[in-house]
Every structure is written in structure tokens, then in C-alpha cells.
Amino acid sequence: MTAGTTPEGVPAATATGDDLRAVMRNWAAGVAIATTFHDGRDHAVTVNSFTSVSLDPPLVLVCIGRVSRFGAPVRGSGTWAVSLLPADAADLALRLAKPGGPEGPVLAGIPHRAGVTGAALLDDALATLECRTVAIHPGGDHDIVVGEVLSTSVGPVEDRDVPAAAGPAGDDDPRGPLVSFRGGFRTCSD
Ligand SMILES: Cc1cc2nc3c(=O)[nH]c(=O)nc-3n(C[C@H](O)[C@H](O)[C@H](O)COP(=O)(O)O)c2cc1C
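- The name recorded for the protein in an unreviewed UniProt entry is Putative oxidoreductase, from Mobilicoccus pelagius NBRC 104925.

1. Topic: the overall build of the protein
Right, so step 1: The helix and strand inventory of the protein stands at three helices and twelve strands.
Right, so step 2: Its C-alpha atoms give the protein principal-axis dimensions of roughly 65 × 40 × 40 Å.
Right, so step 3: A buried classification covers 26% of the 190 residues belonging to the protein.
Right, so step 4: Counting contacts in the protein only where the partners sit at least 6 residues apart, residues at least 24 apart contribute 62% of the total.

2. Overview of the site of the ligand
Right, so step 1: Close to the ligand lie 16 residues; Val 47, Ser 49, Gly 65, Arg 69 and Ala 97 are nearest.
Right, so step 2: When contributions to the shell around the ligand are tallied by element, the ones reaching two or more residues are β3 (41-47) and β5 (58-65).

3. Things to note about unusual backbone geometry
Where the residue is not glycine, phi is negative for most of them; where a peptide bond is considered, it is trans in most cases.
Right, so step 1: Asp 56 connects to Pro 57 through a cis peptide bond whose omega is 5°.
Right, so step 2: Looking at the secondary structure, you find Pro 57 in the loop between β4 (51-55) and β5.
Right, so step 3: Backbone geometry places Asp 39, a non-glycine residue, at a positive phi of 55°.
Right, so step 4: Looking at the element boundaries, Asp 39 is found in the loop between β2 (32-38) and β3.
Right, so step 5: Looking at Asp 39, the number of C-beta atoms within 10 Å reads 9, which means it is exposed.
Right, so step 6: Positive phi, normally seen in glycine, also occurs at Arg 182, with a value near 50°.
Right, so step 7: Mapping Arg 182 onto the fold places it in the loop between β11 (178-181) and β12 (184-187).

Reading the values: rules and limits
- Residues numbered from 1 in each chain as written.
- Predicted model: local features only at pLDDT ≥ 70, side-chain atom pairs only at ≥ 80, totals over all residues.
- Helix = DSSP H or I, 4+ residues; strand = E, 2+ residues; numbered from the N terminus.
- Buried ≥ 20, exposed ≤ 12 C-beta atoms within 10 Å, placed from the backbone.
- Contact = placed C-beta atoms within 7 Å.
- Near = placed C-beta within 6 Å.

This is the structure:
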């Protein structure tokens, strides 16, 4: 073993959390709202750590801060939903990222409906899905919450009964995604 090397011969870590943050600022990510229904009320938080994991079975994950206000409710309920935000939803994303959450009911004034798990689905989302938790892995100061997808929807709620144009459902939705990049919200023009 040499200096700066682990017993396995792997270089020892020198990067800090700030170094990782500086890198991840350059990673463009979609923005979503994670929701759950627990103890008789809605809980919601802005996330960009959402990703798909597996198609068979259909699995997704989201990383939730250990001290996040969303952590205890999502662990307690065992079910949760994700609503993918359109480009014009930056104010909503900021509102649900506020430490401690917004004043009053977390989704007051935000059009939504309850999904099959009771978790809120945002009516203006590009797409939504609902999950039941199948694993929670420790991930440093976050929990990696893995969910089996139970149900999905694509497109804004008012278009749900309109036959889709050619192509996968939702591809005729003219709205683009809300994207986080270098500490701000961006949109995609094409
Ligand atoms: C664009 C964006 C993405 C975020 N992604 C996550 C995430 O994936 N996981 C997470 O736990 N918090 C994420 N956050 C932070 C939470 O939205 C929230 O600010 C944080 O939980 C602090 O609020 P709390 O102390 O009330 O929990 C994100 C915030 C922003 C603005």
C-alpha cells in the first residue's frame, strides 16, 4: 500500500462534496415533484435525482436527503408518485424546494388529483407515475428509494382522452421539460 492508496490498491478519495457539486452543476437534469400521502395529508418536494432503473420489472428511483421533510413520510407510506414538470413550472419547483415547505397545505392552489396510491399527481405534468417502495438503500446523506411502478400517465390531464397523434403518447405535447443546469432552471427549445 502506498500513500494515497487503499489496502485494495485503489486510489484514495480526494474529491469533496463541493467538488462533486461543481461537477453536477454541469449535468442537465429534468425537474420533477415527488409526492406521497401519509398521516392524512399530502407531502411534496422538488427533485432531480429521479431516474429509471429497470423495465422488467419496471423500477425507478429517487434519492431523498436523510433530513429532508419528505424522508419520513415517504418511508412511512411505502408509496409515492413523481410528476415530471413542464418548462413553465419553475415557480412551482422553487415553491416546493423551499426548506420547510410552503406555508399551509403543500399543494394548495396547484391542480392535482389523487392517484391509486393516494399520492398526488399534478394535472399539468408532462407525465406521472406511481410506485410502491421495494427497497431503500443508504446513500451517504441521502436514501436511495427504489419503487416498482404501479401506474403511469402521459400528457396534461385535459388531453388524456384525446387520441394521440402518430408516435408514442405525449409526443404531440408541444411543451418542453423544465431542466436544472448550473444552479438555475432552463428550458429546451428543441
Ligand atoms: C432543482 C432541484 C432539485 C432537487 N433535487 C432533490 C433531490 O433529488 N432529492 C432531495 O432530497 N432534494 C432535492 N432538492 C432539494 C429539495 O427540493 C428541498 O429543497 C430540500 O429537501 C430542503 O427542504 P426541506 O429541508 O424542507 O426538506 C432539489 C431542489 C432543487 C431546487
